[in-house]
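One letter stands for each residue in the lines below.
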Amino acid sequence: MNLPKFNSNDELPLTLTAKDIAGYLNISLTSGYNLMNSKGFPVLKLGKQLRVTRDNFLNWLNNTNEVIYK
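Residues numbered from 1 in each chain as written. Predicted model: local features only at pLDDT ≥ 70, side-chain atom pairs only at ≥ 80, totals over all residues. Heavy atoms only, no water.

Right, let's talk about the packing of aromatic side chains for a bit. One pass over the structure, following the stated rule, counts four aromatic pairs. Residues Tyr24 and Phe57 carry aromatic rings whose centres are separated by 5.7 Å and whose planes lie at 80° to one another, so their mutual orientation is edge-to-face. One end of the pair, Tyr24, is in helix 1 (residues 18–25); the other, Phe57, is in helix 3 (residues 54–63), with 33 residues separating them in the sequence. Between Phe57 and Trp60, the ring centres sit 6.5 Å apart and the planes meet at 25°, which makes this aromatic pair stacked. Separated by three residues within a single helix, Phe57 and Trp60 lie in helix 3, roughly one turn from each other. The class of Trp60 is buried, set by a relative accessible area of 13%. Here a set of aromatic residues connected by ring pairs shows up, and it is made of Tyr24, Phe41, Phe57 and Trp60. (Phe/Tyr/Trp six-rings, centres within 6.5 Å; stacked < 30°, edge-to-face > 60°. Helix = DSSP H or I, 4+ residues; strand = E, 2+ residues; numbered from the N terminus. Buried < 20%, exposed > 50% of the residue type's maximum accessible area, 1.4 Å probe, protein only.)

What follows is the structure, encoded as structure tokens:
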């Protein structure tokens, strides 16, 4: 599966999916879903769909100190 690649934060869509996050962080799609389901992640659940706004994702990324995966 081809994951999207982003050259800058400005290229990120306004709402991100697990696929977008996986491409941005260079992780697997499964890890992207696991991250979105982790405690403290600013996810929006729209039915069965998971989304996060670009601003909330970047804020979370810049301010998190915890290790999600070992």
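Glancing now at the environment of Asn37. One can find Asn37 in the loop between helix 2 (29–36) and strand 2 (44–46). For the pair Asn37 and Ala18, spaced 19 residues apart in sequence, the C-alpha separation works out to 9.9 Å. When sequence neighbours within four positions are dropped, the list of residues in contact with Asn37 reads Lys45 and Leu50. (Contact = heavy atoms within 4.5 Å.)

So, about the confidence of the model for the protein chain. Per-residue pLDDT for the protein chain averages 92, and the proportion of residues at 70 or more is 93%. At the level of individual helices and strands, the protein chain shows its lowest average pLDDT in strand 2, which scores 94, and its highest in strand 1 (residues 15–16), which scores 98. (pLDDT = per-residue confidence, 0-100.)

With a phi angle near 55°, Asn26 is a residue other than glycine that sits in the positive phi range. Mapped onto the elements, Asn26 comes out in the loop between helix 1 and helix 2.

Let's shift gears to the nonpolar core. Counting residues in hydrophobic clusters, the biggest one holds 13 residues, and the most contacted among them are Leu16, Ile21, Met36, Phe41, Val52 and Phe57. Sorting the residues of this core by element identifies helix 1, helix 2, strand 3 (49–53) and helix 3 as the ones contributing at least two each. Considering every element that reaches this core, the biggest residue donor is helix 3, with three residues. Setting aside anything within four residues of it in sequence, one finds Leu16 in contact with Ile21, Met36, Leu50, Arg51, Val52, Thr53, Arg54 and Phe57. (Core = buried A, V, L, I, M, F, W, Y, C linked by side-chain atoms within 4.5 Å.)

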